[in-house]
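These are the residues of each chain, in order.
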Amino acid sequence: MKSLSIPVRVIGPGSQPEEEPLQYLDMPHEMDTFRMPLVPERTDAEALSEARDVLQEFLEALEPWDPLLASPAPMLALTGLSPAARVIVNQMLGDGEVSIKLDGERRAHIQESVFAGVWRVCELDADDRLIGDWIEAGAILFPLTPEDHRVLEKALPVGPVAIISRGFGNCRITSTLARNVWRVQYFNTMNTLILNTLEIVEAPEVALAAPEDIEDSRERLSELIEWMSESCTA
């Protein structure tokens, strides 16, 4: 009789399950908080003064700006800045939590600074040459507030379809009453929500079987039927 390659797990009295190494979740790391950037010890005084003047000019444009109004966001070009001063500006602004890459008709690398809502933008041509370099304020990509979540839940009520995928943690997918709009939520093994997304698609990709998975199921089902047939005739 042909052996069956489908893994079989024995449960019950007398079974000896293989011991698997325990898997531990990483402990949460300390949340990043704002720290005033430190001026490098060895800094050219002229370059430091130039960088300070640039940041002062940007601050003067930022102070009267209200992100809730439709007024243009303040921005300041850095193309005329000396290389030494540009290095200091980048060090003073630092790197925040969000990075953005544009790779279409316009190409750019955008990095949030340690000052929330203040961004460094570098625009590139097709050959990755720098064609634009500026600081810009922008009220995007801030974390959603509880009020934001309530507005979304009201605008997108839960629909009739619910899907759950259990693996390392859970993925819960629910339809909304808006066509092809899905709420996809990821939970860790302690059932803590770690990612909450909305997807506009016919079916969320995480719920779809890969072509190789379907092919593997064909082979295993064929082996199972062959094994059952041999058992019937034995």
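Look a little higher up for the structure.
Rules used throughout
Residues numbered from 1 in each chain as written. Predicted model: local features only at pLDDT ≥ 70, side-chain atom pairs only at ≥ 80, totals over all residues. Heavy atoms only, no water. Axes fitted to C-alpha atoms, helices over the stretch in contact; angles between N-to-C directions. Helix = DSSP H or I, 4+ residues; strand = E, 2+ residues; numbered from the N terminus. Parallel < 35°, antiparallel > 145°, perpendicular 65-115°, else oblique. Left-handed = near helix turned anticlockwise from the far one by under 90°. Contact = heavy atoms within 4.5 Å. Nonpolar A, V, L, I, M, F, W, Y, C, P; charged D, E, K, R; others polar. Buried < 20%, exposed > 50% of the residue type's maximum accessible area, 1.4 Å probe, protein only.

Caption draft 1: Just the packing of helix α1 (residues 45–62) against helix α2 (residues 83–93), in detail. Remark: α1 packs on α2, axes separated minimally by 8 Å, with the N-to-C direction vectors making an angle of 55 degrees. Comparing the axis directions of α1 and α2 gives the class oblique. Remark: the crossing between α1 and α2 carries right-handed chirality. Here Ala47, Leu48, Glu50, Ala51 and Leu55 of α1 lie close against α2, whose contacting residues are Ala84, Ala85, Ile88, Val89, Met92 and Leu93. Split by residue class, the contact of α1 with α2 holds 10 nonpolar, no polar and one charged.

Caption draft 2: Geometry of unusual backbone geometry. Phi is positive for Asp128, which is not a glycine, with a value near 65 degrees. Tracing the chain through its elements places Asp128 in the loop between β4 (118–124) and β5 (130–137). For Asn191, which is not glycine, the phi torsion reads 65 degrees and is therefore positive. Locating Asn191 in the fold gives a position in the loop between β8 (181–187) and β9 (193–200). Take Asn191: its relative accessible area is 44%, and that puts it in the partly exposed class.

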